[in-house]
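Residue strings, one per chain:
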Amino acid sequence: MSDYQTERSRLSSRGRKRKQNRLMNLLIAIVCILIVIVAGSMFFGGPEKADQSAQTSANGSGGGNEGSNGAASDNSDQDQANNDESSADQNGTGEAATDTTDGTTESNTDDDQMNNPDENKEESKKKDKELSGSLNGPWEPIGTSQEPPHVSSYERGSVDWNEKVEALLYATGLTGLDEDEFILWRLANGGGPQQSIGKLSTNAKPHEWYIVHLRWIKNKGWKPTSVEKVYKENLP
C-alpha cells in the first residue's frame, strides 16, 4: 500500500471519529437541555402544585369536618330518637305500672273483704236491701226448702217459721236485717191453714209497724199479698 492511501485512510478514520464525537456531543446537549427543562418545570410548577395540594388537603379536611358534623348531627338525631323512644317506653311502663297497681288494689280489696267478715256482712245487707221488695209490690214467692205436703208451723225457729220471717222482711224492703235489728211483734194464722199475718218494726223506729199478709204457694213458698204501714200511737 502506498503512503498516499495510508494517509487517506487515516484521514477518513479521523473524520468518522469527529462525526461520532459531534453526534455524541449533540445527543449529550439534547439530554442536558431536556434535563434542564424537566427540572425547571418541576421547580417552577412545584408551588402551584403545592398550593393545589394544600387546597385539596384543606377541602378534604373540610369534607371530613362536614362528614364529622353530619355524623354528629346524625348521632344527635339518633340520640334524640332514642330519648323519645325511651320516654315512650317509660310512659308505657308507667301505664303498665298503673294497671298493675290498680289490679293489686282490687286484689287487696278482695283480700280485705275476705279478712273482714263484718264488712262483708254489711255489703251483703246493702245488696239484700237493693234486691228486696217494696211496700207496693209486686211480690213473688220467696222459695222454699220444704217438701209437700206443706204444714204451716208457728214454732219459733222452725223451717216454716224462718221462711215466714224471711217473707215479711222481703215484703217490707228490710231483707238482710239481723234478728237484733228488728222486732217481730206478731206472727200468726192469717185466716186459713195456708195464710199468715205478721207484724214487725225496726229497732230504730219501733213505733212504725208493718202489717204483712202472706199466702203459701205450692212448691214455691210464702208470697206476700199485702203490706200496710201503720204507727203504733195511732192504734186503738
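Everything below is about the structure printed above this text.
Residues numbered from 1 in each chain as written. Predicted model: local features only at pLDDT ≥ 70, side-chain atom pairs only at ≥ 80, totals over all residues. Heavy atoms only, no water.

1. Observations regarding the pairing of strand E1 (residues 182-189)
Then step 1. As paired strands, E1 and strand E2 (residues 195-202) are joined by seven bridges and run antiparallel to one another. Each residue of the ladder has a partner; that of Leu 187, found in E2, is Gly 198.
Then step 2. In textbook terms, the turn of a hairpin is the stretch between consecutive antiparallel strands, and for E1 and E2 this stretch comprises five residues, one of which, Gly 191, has a positive phi near 120 degrees. (Pairing = 2+ DSSP bridges. Helix = DSSP H or I, 4+ residues; strand = E, 2+ residues; numbered from the N terminus.)

2. Details of the pattern of salt bridges
Then step 1. Within the structure shown, the criterion is met by two salt bridges.
Then step 2. Note that Asp 160 and Lys 164 form a salt bridge whose closest N and O atoms lie 2.1 Å from each other. Within this pair, Asp 160 and its partner Lys 164 are both found in helix H3 (residues 159-172), separated by four residues, close to a single helical turn. Of the two residues, Asp 160 and Lys 164, neither departs from the other in class, the shared state being buried. (Salt bridge = Lys/Arg side-chain N within 4 Å of Asp/Glu carboxyl O. Buried < 20%, exposed > 50% of the residue type's maximum accessible area, 1.4 Å probe, protein only.)

3. With respect to H3
Then step 1. In this model, H3 (14 residues) spans 20 Å end to end at C-alpha, consistent with the 20 Å of a helix rising 1.5 Å per residue.
Then step 2. Within H3, eleven of the 14 residues are buried, which leaves it mostly tucked inside the rest of the structure.
Then step 3. Three or more residues of H3 are buried, namely Asp 160, Trp 161, Glu 163, Lys 164, Val 165, Ala 167, Leu 168, Leu 169, Tyr 170, Ala 171 and Thr 172.
Then step 4. Buried-residue contacts for H3 involve E1, E2, strand E3 (208-217) and strand E4 (221-231).
Then step 5. A positive phi of about 75 degrees marks Gly 173, the residue just after H3. (Expected span 1.5 Å × (residues − 1). Contact = heavy atoms within 4.5 Å.)

4. A few points about a positive patch on the surface
Then step 1. On the surface, a cluster of positive charge is made up of Arg 14, Lys 17, Arg 18, Lys 19 and Arg 22.
Then step 2. Following the sequence through the fold, Arg 14 ends up in helix H1 (residues 3-115). (Patch = residues over 30% accessible without salt bridge, like charges linked within 9 Å, V, L, I, M, F, W, Y side chains within 5 Å. Areas by Shrake-Rupley, 256 points an atom, 1.4 Å probe, with all protein chains shown as cover. Lys, Arg positive; Asp, Glu negative; His and termini not counted. Charge placed at Lys NZ, Arg CZ, Asp CG, Glu CD.)

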